[in-house]
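Chain residues, written in single-letter form:
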Amino acid sequence: MNSHSLMRVLFFAQLKDVTGCEAVEIFSSSPLDRDGLWAALLEKFPGLAAHRPAVRLARNCEYAAPDALFAHGDEVALLPPVSGG
Amino acid sequence: MKIEVQLTGSPLAESYSPLSTVGAHGAFVEFRGIIRGEERGQPVAALEYETYAEMALREIRRLLESIAERHPCLGVRVVHRTGAVPVGEAAVYIGVVSLHRAEAIALLGEFLDRLKQSVPIWKRRMVPVAGTVPSKTAISAPKPRAGACSLDGALAEIRSRCQPLPAVPAPLAEAFGRVLRETVCAPEDMPPFDRSARDGYAILSTDAAGHFQVVDTLDAADWRPRSLQPGQAVRVATGSALPCGGLRVVMQEHVEREGSRIRVLEHEHASNIRLRGEDMQAGQPLVQAGARLNAGALALLGAAGCVQPLVSPRPRVAHFTTGDELVSPQQTPKPGQIRDSNSTLIRGLLQNVPCDLEQNHLTEDFETAWRQLDPKRLAKVDLLLVSGGASVGAKDFSRPLLERLGFEIIFSQVNVRPGKPLIFGINGRRVAFGLPGNPLAHFVCFHFAVALALARLAGESGPVFLRAPLAAKLEDEPCPRETLWPAHLEWNSGAPRLHPMVWASSGDLSCLPAANTLIRVPANQAILEAGTEVDFLPAAGMVCP
């Protein structure tokens, strides 16, 4: 089994404009907590920093708990404030 | 509570039926959110909605279930538009049915508030082109994503774009395997009267005497109400309607009969009575909308007198094979030819789905093939499948064919192996797939894409990935695409385990007989050790616990 973690991160709405793509894959040697995930993302997309306070994180289609760990095979999503209806 | 959630790129229906049966609900509250031509003083031509479809569907359902704990309702239907929605059209529909109006109105109000807070849907304003009047034609709709998409992206597109076919009434004898589209409730209590559960003697439940006078004999079909006095007994058979309330039945094994009198040898605690409404009470849901009707469900509908349930229609499916190298299985192939296996494969896979299938072969020359088609006949087809021949790139043939038939191509490649050149098109309610020609690719594309479309046409949400451990190591070259790996799920050891099959190319047929599942192997994952829990998709006909 691969000892590295590979997760897919999805971007929505204005965040797609910031990153210029809908999704990226992140490799890591171990599962990441919230800060670890953000560090990896900000390294790649510094423009996301301004959005961070308003962005909620989802893990495998559910809002992630504050202490969630993002691990191999997870689908992570960065959700800017929603506006459905 | 019955919940139906749909994300759709098409305009909302003129009307939606309440998610409940006539007679079950006292209130039907509907809401449509319409796009206005102005927002905060700015003109608006349309709003463009973007969603994280899989999560949005889940989150809407979760919200409804949580709100319904405080405001219990019978059913809720939510339909939300995606893509561009012009001014004047509805972006969202919500229909709530409940026993009384208060809980439906409360649920609707609270849901709308929370929809705007936590469901991953985003809207952007589309501004009218300067100098033009806002109208449907002034809007440039977002370009369809006609390129490659991820497996999840493909699943979300199919799920949101395939609409349930209008429901039809069907006699019970023709309803097997179809999806029930209305919740059927018990029209009366079952059993409809207190019945004896034993052969024996009915006496007053408080009567502990030793001797009784037998005053009547009731067989299973008899209906003779009467009251009983202390010391009186009525002979009853299993299933007999009891003559009055307040009785118990003494088993005949505990009684000695002496002419018209009995002597009770032993008084039991059990009443030996099946009470009226014990099995189900009038108005109680028997079979929920969305259930696929099996023999048991049909029997229950029959018992309730529901002989023409509202079900999904049998979709009309047309399947065309292409490729001049193909000969029918009856023929001996000449050098350079092969026998067609895809017709047989598709026919077999569709055996598990109630549908009406028509199959034909098209010649490889596009214009000649076009003249072979009968567009009028095709216009009535709900699902069109075109199998590419191995020598004809599916792209070169299926795509122009589908486009000429008026289908909008939603995607033409999926980042999955095998089955990458899968084409998905929509024309109104009609659905089309261009399937890559190789048999294994057919098998894979059928299970993740065509089966999902058929489930959606029938009004179901579609198959889901399950989890089980690998029985053996899965080893392969790392592939940048996800792989749907044919496997055999077995229960011999008492728990499900997945045996990955051996296959070399998407043309492989030999692994198909034993393949009853597809393992989802992540991209760039070369090795999965035995015992690893993996996601898998059940294949046609596999029975899941």
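For the structure, check the block above.
Notes on the structure follow. Please read all numbers here as calculations on a predicted model, not as lab measurements. (Residues numbered from 1 in each chain as written. Chains lettered and ligands numbered in written order. Predicted model: local features only at pLDDT ≥ 70, side-chain atom pairs only at ≥ 80, totals over all residues. Heavy atoms only, no water.)

1. Describing the pairing of strand 19 (residues 261–264) of chain B
Residues and elements named next belong to chain B. Where burial is concerned, the two faces of strand 19 differ: the one with Ile262 and Val264 is buried and the one with Arg261 and Arg263 is not. Of the pairings in the sheet, the one linking strand 15 (residues 211–218) to strand 19 comprises 3 bridges and is antiparallel in character. Each residue of the ladder has a partner; that of glutamine 213, found in strand 19, is arginine 261. Sheet topology note: the strand 18 (residues 255–258)/strand 19 ladder contains 4 bridges and is antiparallel. Bridge assignment links glutamate 258 to a residue of strand 19, and that residue is arginine 261. Adjacent in sequence and paired antiparallel, strand 18 and strand 19 are bridged by 2 residues, among which glycine 259 carries a positive phi angle near 65°. (Buried < 20%, exposed > 50% of the residue type's maximum accessible area, 1.4 Å probe, protein only. Helix = DSSP H or I, 4+ residues; strand = E, 2+ residues; numbered from the N terminus. Pairing = 2+ DSSP bridges.)

2. Focus: the environment of leucine 509 of chain B
Residues and elements named next belong to chain B. Within the secondary structure layout, leucine 509 lies in the loop between strand 36 (497–500) and strand 37 (517–521). When the C-alpha positions of leucine 509 and phenylalanine 443 are compared, they lie 9.5 Å apart, and in sequence the two are 66 residues distant. In this view, leucine 509 contacts Ser341 and Pro439; residues no more than four positions away in its chain are not counted. (Contact = heavy atoms within 4.5 Å.)

3. Digging into the packing of helix 3 (residues 151–161) of chain B against helix 9 (residues 439–457) of chain B
Residue and element names in this part refer to chain B. Put simply, helix 3 and helix 9 touch, their axes get as near as 9 Å, and they point 25° apart. When the interaxial angle is binned, helix 3 and helix 9 end up roughly parallel. The element helix 3 and its partner helix 9 pack so that their crossing is right-handed. Contact with helix 3, carried on its side by Leu151, Leu155, Ile158 and Arg159, involves Phe448, Ala449, Leu452, Ala453 and Arg456 of helix 9 and no other residues of that element. By residue class, the composition of the contact of helix 3 with helix 9 is 7 nonpolar, no polar and 2 charged. (Axes fitted to C-alpha atoms, helices over the stretch in contact; angles between N-to-C directions. Parallel < 35°, antiparallel > 145°, perpendicular 65-115°, else oblique. Left-handed = near helix turned anticlockwise from the far one by under 90°. Nonpolar A, V, L, I, M, F, W, Y, C, P; charged D, E, K, R; others polar.)

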